[in-house]
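What the coordinates show
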There are 2 protein chains.
Amino acid sequence: MQEKIIVAVDAMGGDNAPLEMIKGSVDAVNQNPQIRVILVGQEEKISPILSQFTYPKDQIGIRNATEVISTEETPVLAIRKKKDSSIVVGERMVKEKEADAFVSAGSTGAVLAGASLITGRLKGIERTPLGTLIPTAKGVALLADSGANVDCKASYLVQFAKMGSIYMEHVMGVKNPRVGLVNIGVEEEKGNSLVKEAYGLLKDCQDIHFIGNIEAREIPNAGADVVVCDGFVGNVILKMYEGVGSVLIKKIKKTLTSSLTTKIGAVLIKSALKETLKSFDATEYGGAPMLGLNGLVVKTHGNAKAQEVRNSILQCLTFQEQRINDKIKEFLDQERRIKDGI
Amino acid sequence: MQEKIIVAVDAMGGDNAPLEMIKGSVDAVNQNPQIRVILVGQEEKISPILSQFTYPKDQIGIRNATEVISTEETPVLAIRKKKDSSIVVGERMVKEKEADAFVSAGSTGAVLAGASLITGRLKGIERTPLGTLIPTAKGVALLADSGANVDCKASYLVQFAKMGSIYMEHVMGVKNPRVGLVNIGVEEEKGNSLVKEAYGLLKDCQDIHFIGNIEAREIPNAGADVVVCDGFVGNVILKMYEGVGSVLIKKIKKTLTSSLTTKIGAVLIKSALKETLKSFDATEYGGAPMLGLNGLVVKTHGNAKAQEVRNSILQCLTFQEQRINDKIKEFLDQERRIKDGI
C-alpha cells in the first residue's frame, strides 16, 4: 500500500534522543504501513542505532542535519544561526512539502519559533497556537493557546477557538465540542479588555459551540472541550496542573510513610493509586499540535519516550486523514467571504 | 485595657451569615481584649443570635444596616444603589475612621469595588491588589493580585510586590521574603509586554528581595514568598489550585473504594490523608487583605465559618500592631522623593 503520510522526526531533540525517538518511529511504522518516517539529525549517530531494529526498510529514511539546537539557546537566534539543525531542516521539509508533518521533543521555543518563521502559517491565520491536550475529570480537553503567543488580540482567540474545535471534533472524536473562554467569572461583562472583546466575537460565531466564559477551576472538572486563552494564561494553566499535582502527590507519599498503620495501608492502595495519579498527569498525553500551519508541527514533551513519540506520529496520520488543514481553510474562506461582504 | 483596634464585621455576607460571622466575632473578642467588633447588618436578625453568646459586652456592638448585597448583583451597581447595605456601611466606617478594618465574607466583587470606591486608596497607590494566602509545599505564599485588577500596568505590579513584601514580612513573619514575578519562563527576556516591563522595574527596586521570574509550576513548590501578577492571571492561579486539587482528590477517593483491598488500605490511611489534603486546600487559609487602602478591608471566603472569621479579625490586629499602612506610606514617600529628584 502507498504511504499516506511522511513524518519528519527530530532524532536529536529531547532528553532521550536519539534512542527513544528512533524506537518510537520504528514502533509507528511497524504498527501502520501508511506512515513513512524520515529521521532528521546526525546520520552517524542515528544509523548505528536504527540498524539494530527490525522494520520495513522503505518506511524509515534518514536526513542528515549536522547541528543541534539545545534548550539553553535563545530560540529565534538559534533558528536563524543553525540552518543545518534538525529543527530547522525538519521544519523546512514541511514547508517544502517533502514531509507532511514534523515531530520534535526539542527546545519548545525553537520548535515554535521555527514553525512560524520557517514552516509558515496558512494564509489568513493571524497566529498559530500551541494546542495541548490536558487531562480532565472525564477525559481530555484541548488548551489553545498553551504558550506560543503571549500577547494576543481578540481575533486571534477566535481563530484558536475555531481551530481547536476542528481538532477536538475530527482528531479526538468529540462531537460538537464545547468551547470555553478562560475568564475570572462566568458573566459576560467579566474579565480584562482582551477577553471582553473576544467574548463578543465568539458569541457571534455560528460554526462553533461557544458555551461562554469558563473559570479556571472548571477546566480540570471538564467544563469545556476546547479551552481558549492567550498563550501567557495558557502556560500558567498548564504549569499549575504540573505544580499542584506534583506537590500534592509528594505530600500524599509523605503521609503514606508517616506511621506503621499508614505504611500497611499504602501497600494495599499503591498500584490503584499509581494508575489514578498517572491518568491525571498532563505530561502523559501525546504531542501538542501547532495549529494553523502550512503543514503540521507537533511538539512532544522534552522527556518523551518511545510510546509518546509513536503516538505523536500516529496523531499526524489522523490529522492528515481527517484533512484538518482543509477544514481550517474552509473557515478561513468563509471569514474572507464575510469580510468581503459576499 | 484600652482596645487597640475596632473591626467592623459584615454580619450579612457569606453562606453562613449571620450565625458564623457572629460566632467568629465572639470568639475573637473572647480571645483578645484589645479588639472591639462592630457587627454591621440587620439589627433584628443579629441581636437575637448575639444575645445567646457570652462575651465582654463592651467589646461587641451592632451597627444597623438594612440592605444586603447578594453575590448575584453587579458589584459596582449594587455598591452605588444600596447605600444602606452592610458592605457599603462597613467600608464607609473604615473611610471615616469609625473602624480600623472591615471583614466580609460577602460578594467578592462588591467588597473589592466598595473598597476602592468608598474606603479609598492611600495617596500614591495606583491600584489596590487582593492578596491571598496560598498553600505551598513548605508553608504559605502571598498571591498579589489574586483578582482585583484584571488590566494592569507594570507600575501596579511593582507596588503589589512592595506591599506584598511588607505584608509577608511583618504580618506573616517571613524574613526578607522572596518576590517572584509570574512568567512563562525564568529568563529575563521571556513573557508578554506587561511582565517584561515589570521585570525591568522590579530589578531596580532596592527595598525588596526580587528573585526574578517564577514559572507557575514553582508556585505550589514554594518558589517565592510573594507571587506577583495581574489580577487576571492571579485569579487563574487561585482557581487552578482549587480545580486541580478537588478533581485529584475526587479521583483518589474513587480509587480507594475501587476494590476490597483498597478499601481496607483506605481505612488505614484515612485520617492521615485527610490532614494532608486539608493542609493543601487554598480555602483553608484566613482572609485575603486588600492592600494599599486607607484602612484595611479583608475578604474571607464565601463559605467561611467561625474559625476563619475569628482568624481574619485577629489578622486585622496584627496588621494594625505592625503598622503595615505606615510602612506602605514610607515606601510611597520614598517613591515620591525619587520622582521629585530629591
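What comes next concerns the included structure.

Definitions and limits used
Residues numbered from 1 in each chain as written. Chains lettered and ligands numbered in written order. Predicted model: local features only at pLDDT ≥ 70, side-chain atom pairs only at ≥ 80, totals over all residues. Heavy atoms only, no water. Buried < 20%, exposed > 50% of the residue type's maximum accessible area, 1.4 Å probe, protein only. Helix = DSSP H or I, 4+ residues; strand = E, 2+ residues; numbered from the N terminus. Core = buried A, V, L, I, M, F, W, Y, C linked by side-chain atoms within 4.5 Å. Contact = heavy atoms within 4.5 Å. Buried area = accessible area lost by both parts, 1.4 Å probe. Polar contact = N/O pair within 3.5 Å; in protein donor to acceptor, adjacent residues only side chain to side chain. Nonpolar A, V, L, I, M, F, W, Y, C, P; charged D, E, K, R; others polar. Pairing = 2+ DSSP bridges. Axes fitted to C-alpha atoms, helices over the stretch in contact; angles between N-to-C directions. Least-squares fit on C-alpha atoms with pLDDT ≥ 70 in both. Salt bridge = Lys/Arg side-chain N within 4 Å of Asp/Glu carboxyl O. Expected span 1.5 Å × (residues − 1).

**Describing helix 4 (residues 86-95) of chain A**
Residues and elements named next belong to chain A. Counting buried residues along helix 4, 8 of its 10 residues qualify, which places the element largely inside the surrounding structure. Within the span of helix 4, buried status applies to Ser-86, Ile-87, Val-88, Val-89, Gly-90, Glu-91, Met-93 and Val-94. One or two positions beyond helix 4, positive phi appears at Lys-97, with a value near 60°.

**A closer look at the nonpolar core**
Core analysis: the largest hydrophobic core is formed by 187 residues, its most contacted members being A:Ile219, A:Ile237, B:Ile219 and B:Ile237. Considering every element that reaches this core, the biggest residue donor is helix 8 (residues 231-256) of chain B, with 13 residues. In this structure, B:Ile237 is in contact with A:Val236, A:Met240, B:Leu143, B:Val182, B:Ile219 and B:Cys229, ignoring residues within four places of it in sequence.

**Topic: the interface of chain B and chain A**
Chain B puts 51 residues into the contact, and the matching count from chain A is 51 residues. Carbon and sulfur atoms make up 75% of the area that chain B and chain A hide from each other, which totals about 4700 Å². Looking at the side of chain B facing chain A, the largest losses of area belong to B:Ile184, B:Phe232 and B:Met240, adding up to 14% of the total buried there. Viewed at the interface, chain A and chain B are joined by 8 residue pairs in polar contact (both at pLDDT 80 or more). Elements represented by at least two residues in the side of chain B that touches chain A include exactly strand 7 (178-183), helix 7 (193-203), helix 8 and helix 9 (260-279) of chain B. For the side of chain B that touches chain A, the element with the most residues is helix 8 of chain B, which contributes 20 residues. A per-class count over the side of chain B that touches chain A returns 27 nonpolar, 17 polar and 7 charged.

**Section: the sheet that holds strand 9 (residues 226-228) of chain A**
Residues and elements named next belong to chain A. Taken in spatial order, the 5 strands line up as 5-6-9-7-8 in an open sheet, and their pairing is mixed. Here the strands that pair on one side only, and so sit at the sheet edges, are strand 5 (131-135) and strand 8 (209-215). Within this sheet the neighbouring strands show an average axis-to-axis angle of 30°, counted without direction. The strands touched by helix 8 (residues 231-256) are strand 5, strand 6 (140-144) and strand 7 (178-183); relative to strand 5, the strand with the most contacts, the crossing angle is about 35°.

**Things to note about the relation of the copies chain B and chain A**
Its rotation angle being 180°, the transformation that places chain B on chain A also includes 0.0 Å of axial translation and leaves an RMSD of 0.1 Å. Here the transformation between the copies is reduced to the relation of a two-fold axis. When C-alpha positions in chain B are compared against the rotation axis, the closest is assigned to B:Gly265, at 1.9 Å. Looking at chain B, 100% of its interface residues are interface residues in chain A too, so the copies touch through the same face.

**A look at the pairing of strand 4 (residues 101-104) of chain A**
Residue and element names in this part refer to chain A. Judged by which residues are buried, strand 4 turns out to be covered on both faces: Ala-101 and Val-103 on one side and Phe-102 and Ser-104 on the other are all buried. With 3 bridges joining them, strand 1 (residues 5-10) and strand 4 adopt parallel strand pairing. By the bridge assignment, Val-9 is partnered in strand 4 with Val-103. When strand 4 meets strand 11 (residues 296-299), the two strands line up parallel, connected through 4 bridges. Paired with Val-103 across the strands is Val-298, a residue of strand 11.

**Some words on the pattern of salt bridges**
Enumeration over the complete set of coordinates arrives at 28 salt bridges over all chains. A:Glu187 is paired through a salt bridge with A:Lys190; the nearest N and O atoms lie 3.2 Å apart. Three or more residues joined by partner-sharing salt bridges are found here, namely A:Glu215, A:Arg217, B:Lys239 and B:Glu242.

**Observations concerning the sheet that holds strand 10 (residues 288-290) of chain A**
Residues and elements named next belong to chain A. An order of 3-2-1-4-11-10 is seen for the 6 strands of this open sheet, with the pairing classed as mixed. With one partner strand each, in any of the chains shown, strand 3 (60-64) and strand 10 form the two edges of the open sheet. On average, adjacent strands in this sheet sit at an angle of 25° to one another, irrespective of strand direction. Packed onto the sheet, helix 1 (residues 19-31) meets strand 1, strand 2 (35-41) and strand 3 and runs at close to 165° relative to strand 2.

**Digging into helix 6 (residues 154-170) of chain B**
Across its 17 residues, helix 6 of chain B extends 25 Å between first and last C-alpha, which sits within 8% of the 24 Å expected from 1.5 Å per residue. Helix 6 of chain B sits mainly inside the fold: 14 of its 17 residues count as buried.

**Some points on unusual backbone geometry**
Put simply, A:Ala144 and A:Asp145 share a cis peptide bond, and its omega is 15°. In this model, B:Ala17 is joined to B:Pro18 through a cis peptide bond whose omega is -5°. Structurally, the position occupied by B:Pro18 is in the loop between strand 1 (5-10) and helix 1 (19-31).

**Focus: the pairing of strand 5 of chain A**
Counting buried residues in strand 5 of chain A gives 5 out of 5 residues, a clear majority hidden from the surface. The antiparallel hairpin formed by strand 5 of chain A and strand 6 of chain A contains 4 residues in its connecting segment.

It is worth stressing that arrangement in space is one thing and function is another; only the former is reported here.
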